[in-house]
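The residues making up each chain are set out below.
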Amino acid sequence: MKQLFTTLFLVFTSLTVFGQSTSVMDELKADPKKAYGTDYPYSHQVYRMTKAPKGYKPFYISHYGRHGSRYYWNAMLYRELDSLLTTAHRKRVLTPEGEAFYTKFEAAKEELATGVSELTQLGWEQHQYIARTMYNSFPEVFKKGGNVLAISSLTGRCVLSMSAFCQELVQCNPKIEIREQSSRFTLDGVVPTDRQNPLKREFPQSTPRYEKNKDKFHSVDTLRDAVIKRVFTSTEGLPGNLHHIGSNLINLYTSLPSIQHDGMMGNIITDKDIVNQWEDSNLGSYSWVFKPRYDMIPILEDIIKKADAVIDGSSDRISDLRFGHDTCLGPLTVLMGLNGADIDPEDPYEVKNCYQNWETGKASNMQLVFYRSKKAKDDILVKCLLNGAEVKLPMATNQYPYYKWSDVRQFYLNRINSVKK
């Protein structure tokens with residue numbers, strides 16, 4: 001009977017996820033910048049929390065967060081655009097809008113070249129906000145103070161994101177003691193794929209099923225051609241192929257809000273343009289987060305191990321914090337099946353209903369909040385937040401968004417063990 005209930009629940013969950021097509025697109029229309037996908041700067045949207053079951057209070061939080069807003073990760077983008085625009089200006093093949101863009105780019109290019117990949121002020125503030133929101137949302141966890149371990153990728157923007165978050169927590173309550181660590185010793189729990197990870201393992205890779213049906217998806221990705229025509233009167237003699245030039249211009253546009261240079265490109269590209277091609281880009285995002293999902297098993301193991309230690313009393317921590325990258329958080333959401341991200345639909349048009357790439361944007365984060373009852377015999381409960389919103393996990397519960405930790409733990413251990421074989 002229990003197996004039948006679980007099966008029916010999962011079928012219902014799948015139908016619910018697949019049935020939210022309208023809401024996904026409405027959400028995109030309400031905030032067009034979500035179409036920026038992994039470039040989407042963290043939203044300060046406040047979500048209503050479901051009241052915990054009677055007698056339950058939170059006592060521990062396990063977290064994984066992506067670094068905050070940064071300059072573009074690769075210096076080649078700025079170098080190539082500098083060469084392109086300078087050449088086009090000298091050849092006098094820029095449109096009036098292209099010339100205006102060139103002037104603004106010239107004024108900012110030294111800053112851009114210097115800042116490559118570094119955390120911006122906005123990125124710092126995003127993690128301050130998330131930390132304070134966590135503190136205010138779950139005061140029972142933090143009000144008496146306690147020990148926290150924060151681990152980070154070796155990358156500077158992640159270290160600084162960790163620092164911003166931890167400083168804010170301590171400002172909320174000076175009784176909180178935080179050990180911050182960015183070390184090869186802890187890479188397995190935050191960036192297991194780092195080549196410097198001494199415990200690095202190889203896991204199987206696979207492609208999502210929709211890729212077999214790509215020909216059924218009508219691509220509307222014509223933005224590159226349109227953008228090039230808005231910038232140049234002619235592309236003859238310009239460096240780079242047209243597809244790459246178009247991609248660079250689009251990548252610059254979606255990165256501008258993170259470095260607070262909104263408006264640099266004028267009307268060369270608009271949010272409406274990005275929205276129109278979002279579903280196409282979201283498919284590509286799903287492929288790159290789906291394939292390496294099993295590489296994130298060490299992070300999930302770290303989550304389980306540290307939660308177990310807190311529950312059995314061998315650890316006195318009130319929170320474990322992890323600061324890494326979208327290349328880890330995105331696959332982790334698929335591995336964990338958050339909001340159906342592991343459903344792996346065959347129909348390309350259904351992918352948007354189980355995964356939205358804006359959920360892996362700048363400073364995106366996942367939090368598992370653990371609850372204990374006043375009655376010692378009662379189950380430990382857990383709920384999951386993705387970017388501040390309560391989300392579904394891929395197992396049965398009769399008190400959503402709260403799940404029995406024993407069920408969650410066993411489900412994920414089974415998934416981990418099935419991959420290892």
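Criteria and thresholds
Residues numbered from 1 in each chain as written. Predicted model: local features only at pLDDT ≥ 70, side-chain atom pairs only at ≥ 80, totals over all residues. Heavy atoms only, no water. Helix = DSSP H or I, 4+ residues; strand = E, 2+ residues; numbered from the N terminus. Rg over C-alpha atoms; globule rule 2.2 N^0.38 Å. Buried < 20%, exposed > 50% of the residue type's maximum accessible area, 1.4 Å probe, protein only. Contact = heavy atoms within 4.5 Å. Lys, Arg positive; Asp, Glu negative; His and termini not counted. Charge placed at Lys NZ, Arg CZ, Asp CG, Glu CD. Salt bridge = Lys/Arg side-chain N within 4 Å of Asp/Glu carboxyl O. Polar contact = N/O pair within 3.5 Å; in protein donor to acceptor, adjacent residues only side chain to side chain. 1 Å grid on protein atoms, 1.4 Å probe; cavity = no way out; pocket = protein on both sides within 12 Å on 5 of 7 lines; lining within 4 Å. Points joined across faces, edges and corners; volume = space filled by probe spheres on them. Nonpolar A, V, L, I, M, F, W, Y, C, P; charged D, E, K, R; others polar. Pairing = 2+ DSSP bridges. Core = buried A, V, L, I, M, F, W, Y, C linked by side-chain atoms within 4.5 Å. Disulfide = S-S within 2.5 Å. Phe/Tyr/Trp six-rings, centres within 6.5 Å; stacked < 30°, edge-to-face > 60°.

Please clarify how the overall build of the protein chain should be interpreted in this entry.
Within the protein chain one finds 14 helices and eight strands. Taking 22 Å as the expected radius of gyration for a compact globule of 421 residues, we find that the protein chain reaches 23 Å, a close match to that expectation. Principal-axis analysis of the C-alpha atoms places the extent of the protein chain at approximately 75 × 50 × 40 Å. Split into buried and exposed, the 421 residues of the protein chain put 54% on the buried side. Within the protein chain, residue pairs in contact and separated by at least 24 positions form 80% of the contacts whose partners lie at least 6 positions apart. Taken together, the 53 basic and 48 acidic charged side chains of the protein chain have centroids lying 6 Å from each other.

Whenever I open this one, the pattern of salt bridges confuses me. Can you help?
Oppositely charged side chains are able to pair whenever their charged atoms sit close together. With the rule as written, the count across this model stands at 21 salt bridges. Salt-bridge contacts for D302 lead to R322; the nearest nitrogen and oxygen are separated by 2.9 Å. Of the two residues, D302 sits in helix α12 (residues 297–312) while R322 sits in strand β4 (residues 317–324), which places them 20 residues apart along the sequence. Residues joined by salt bridges that share partners form a network here, namely D82, E106 and K109.

Even after reading the chapter, I still don't get the environment of W278, so can you show me in this structure?
Within the secondary structure layout, W278 lies in helix α11 (residues 278–290). W278 gets classed as buried once you look at its relative accessible area, which sits at 0%. For W278 and K375, which are 97 residues apart along the polypeptide, the C-alpha to C-alpha distance reads 49 Å. Discounting chain neighbours no more than four positions away, the residues touching W278 are V24, M25, L28, K34, A35, K352, Q356, N357 and W358. Separated by 2.8 Å, the side chains of W278 and N357 make a polar contact.

How do you make sense of empty space enclosed by the protein when you look at a structure like this?
One pass over the full model with this rule turns up one cavity of 30 Å³ or more. By volume, the largest cavity is sized at about 90 Å³. Grouping the constituent residues of the lining of the largest cavity by class yields five nonpolar, four polar and one charged.

I tried to follow the pairing of strand β1 (residues 56–66) on my own but got confused; where do I start?
In regular strands, side chains alternate between the two faces of the sheet. Within β1, 10 of the 11 residues are buried, which leaves the element mostly enclosed by the surrounding structure. Sheet topology note: the β1/strand β5 (residues 365–373) ladder contains nine bridges and is antiparallel. The partner of P58 across the bridge, within β5, is Y371.

I keep staring at the layout of surface pockets and nothing clicks. Help me out?
In this approach a probe as big as a water molecule rolls over the atoms, and the regions it shows empty are the leftover space. In this structure, the largest pocket spans a volume of roughly 750 Å³. Lining the largest pocket are 28 residues; nearest its centre among them are T38, D39, N251, S285 and W288. Mapped by element, the contributors of at least two residues to the lining of the largest pocket are α9 (242–255), α11 and α13 (326–336). The class makeup of the residues in the lining of the largest pocket is seven nonpolar, 12 polar and nine charged.

Help me understand the nonpolar core in this model?
Here is a general trend for soluble globular proteins: nonpolar side chains tend to be buried in one another's company. Counting residues in each nonpolar core, the largest one holds 43 residues, and the members touching the most others are Y78, F101, F232, L249, L252, M265 and I269. Elements with a minimum of two residues in this core: α2 (21–30), α3 (75–91), α4 (96–115), α8 (223–231), α9 and α10 (271–276). Examining the composition of this core, we find that seven residues originate from one element, α3, more than from any other. Here I269 is in contact with L223, V227, R230, L249, I250, Y253 and I274, once residues within four sequence places are set aside.

How should the state of the cysteines be read in this particular structure?
Note on terminology: disulfide describes a covalent bond linking the sulfur atoms of two cysteines. Counted under the stated rule, the structure contains zero disulfides. We note that C166 lacks a disulfide partner, and the nearest cysteine sulfur, in C172, lies 12 Å from it. For C172, a relative accessible area of 16% corresponds to the buried category.

Sorry if this is basic, but what is going on with the packing of aromatic side chains here?
The way to describe two aromatic rings as a pair is by their centre distance and the angle between their planes. By the definition in use, this model includes 16 aromatic pairs. Where Y286 meets Y355, the ring centres are 5.8 Å apart and the plane angle is 40 degrees; that geometry is what we call tilted. Pair noted here: Y286 is in helix α11 and Y355 is in the loop between α13 and β5, with a separation of 69 residues, a long-range link. A relative accessible area of 0% means that Y286 is categorised as buried.

Explain the side chain of K34 to me, please; I cannot follow it from the model alone.
Residue position: K34 is located in the loop between α2 and β1. Taking the relative accessible area as the measure of exposure, K34 reaches 5% and is therefore buried. At 2.6 Å, the side chain of K34 and the side chain of E27 are in polar contact.

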